[in-house]
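What follows is the residue order along each chain.
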Amino acid sequence: QVQLGESGGGLVQAGGSLRLSCAASGRTFSDYVMGWFRQAPGKAREFVAAISSGGGNKRYADSVKGRFTISRDNAKKMVTLQMNSLKPEDTAVYYCAGDRTGWTDYRPTNDHDYWGQGTQVTVSS
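The model shown is predicted, which means the values in this text are computed figures rather than measured ones.

## Digging into the pattern of salt bridges
Alright, step 1. Scanning the model with the defined rule gives five salt bridges in all.
Alright, step 2. Asp-90 is the partner of Arg-67 in a salt bridge, and the nearest nitrogen-oxygen pair spans 2.8 Å. Here Asp-90 lies in the loop between β8 (78–83) and β9 (92–99) and Arg-67 lies in the loop between β6 (58–60) and β7 (68–73), a separation of 23 residues in the sequence.
Alright, step 3. In this structure Arg-67 comes out as buried when scored by relative accessible area, which is 11%.
Alright, step 4. Given a relative accessible area of 1%, Asp-90 falls into the buried group.
Alright, step 5. Members of the salt-bridge network, linked through shared partners, are Arg-38, Glu-46, Arg-67 and Asp-90.

Written out as structure tokens, the structure reads:
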């Protein structure tokens, strides 16, 4: 069993930065591919980034590539999302999620095993 909790959201001006954190409980955090997703009002949830269980592989949505960086610290049971050069269109509730599928078979459309409660990110123009 893994429980996830996001933090670090807030209000920032366009061009600014935020760092989101996702803290996990449970003994098997290091077994999971971890992903970040977001959902804007009136829109479907979309994939943002993912990182393999060991941290050696990463994947990003085209819309955030070059601006966002995902990382993880398995000893601290934490995954972070560093968001730079934020745009108003990045405004959304951001969720972290864990998937026990191996990296080779990982797809953002997988039914992830665990989800956090989300943290709001608002980027003003």
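Right, picking up where we left off after that structure.
## Some details on the nonpolar core
Here is a general trend for soluble globular proteins: nonpolar side chains tend to be buried in one another's company.
Alright, step 1. In terms of nonpolar packing, the biggest core is built from 36 residues, with Trp-36, Leu-81, Met-83 and Tyr-94 touching the most fellow members.
Alright, step 2. Put simply, the parts of the chain that give this core at least two residues each are β3 (18–25), β4 (33–39), β5 (46–51), β7, β8, β9 and β11 (119–124).
Alright, step 3. Looking at this core element by element, the count peaks at five residues for β5.
Alright, step 4. In this structure Met-83 touches Gly-16, Ser-17, Leu-18, Leu-20, Arg-67, Phe-68, Tyr-94 and Val-121, once residues within four positions along its chain are discounted.

## Regarding the sheet that holds strand β1 (residues 3–7)
Alright, step 1. Taking strand neighbours across the sheet as the criterion, the four strands line up as β1-β3-β8-β7 in an open arrangement whose pairing is antiparallel. Two strands close off the open sheet at either side, each with one partner strand: β1 and β7. Strand after strand, the sheet turns through a mean of 15° between neighbouring axes, direction not considered.
Alright, step 2. One ladder, built from six bridges, connects β7 with β8; its direction is antiparallel.

## Observations regarding the state of the cysteines
Alright, step 1. Summed over all chains, the structure comprises one disulfide.
Alright, step 2. Two residues, Cys-22 and Cys-96, share a disulfide whose sulfurs are 2.0 Å apart. Disulfide Cys-22 to Cys-96: torsion about the S-S bond roughly 55°, handedness right-handed. On the criterion of sequence distance, the pair formed by Cys-22 in strand β3 and Cys-96 in strand β9 is long-range, its members being 74 residues apart. The burial state of Cys-22 is the same as that of Cys-96; both residues are buried.

## Some points on the pairing of β4
Alright, step 1. Within β4, six of the seven residues are buried, leaving the element largely enclosed by the surrounding structure.
Alright, step 2. Across seven bridges, β4 lies against β9 in antiparallel orientation. Residue pairing across strands places Gly-35 opposite Ala-97, the latter belonging to β9.
Alright, step 3. Remark: six residues form the turn of the hairpin made by β4 and β5, two consecutive strands paired antiparallel; Gly-42 in that turn has positive phi of roughly 75°.

## Let's talk about the packing of aromatic side chains
We describe a pair of aromatic rings using the distance from one ring centre to the other and the angle between the two ring planes.
Alright, step 1. Per the counting criterion, the structure on display carries four aromatic pairs.
Alright, step 2. Between Phe-37 and Phe-47 the ring centres are 5.7 Å apart and the planes differ by 70°, which places this aromatic pair in the edge-to-face class. In this pair, Phe-37 sits in strand β4 while Phe-47 sits in strand β5, placing the two residues ten residues apart along the sequence. With respect to class, Phe-37 is no different from Phe-47; both count as buried.
Alright, step 3. Where Trp-103 meets Tyr-106, the ring centres are 5.8 Å apart and the plane angle is 5°; that geometry is what we call stacked.
Alright, step 4. A residue is classified by how much of its surface remains accessible, and Tyr-106, at 2% relative accessible area, is buried.

Analysis parameters
- Residues numbered from 1 in each chain as written.
- Predicted model: local features only at pLDDT ≥ 70, side-chain atom pairs only at ≥ 80, totals over all residues.
- Heavy atoms only, no water.
- Salt bridge = Lys/Arg side-chain N within 4 Å of Asp/Glu carboxyl O.
- Helix = DSSP H or I, 4+ residues; strand = E, 2+ residues; numbered from the N terminus.
- Buried < 20%, exposed > 50% of the residue type's maximum accessible area, 1.4 Å probe, protein only.
- Core = buried A, V, L, I, M, F, W, Y, C linked by side-chain atoms within 4.5 Å.
- Contact = heavy atoms within 4.5 Å.
- Pairing = 2+ DSSP bridges.
- Axes fitted to C-alpha atoms, helices over the stretch in contact; angles between N-to-C directions.
- Disulfide = S-S within 2.5 Å.
- Phe/Tyr/Trp six-rings, centres within 6.5 Å; stacked < 30°, edge-to-face > 60°.

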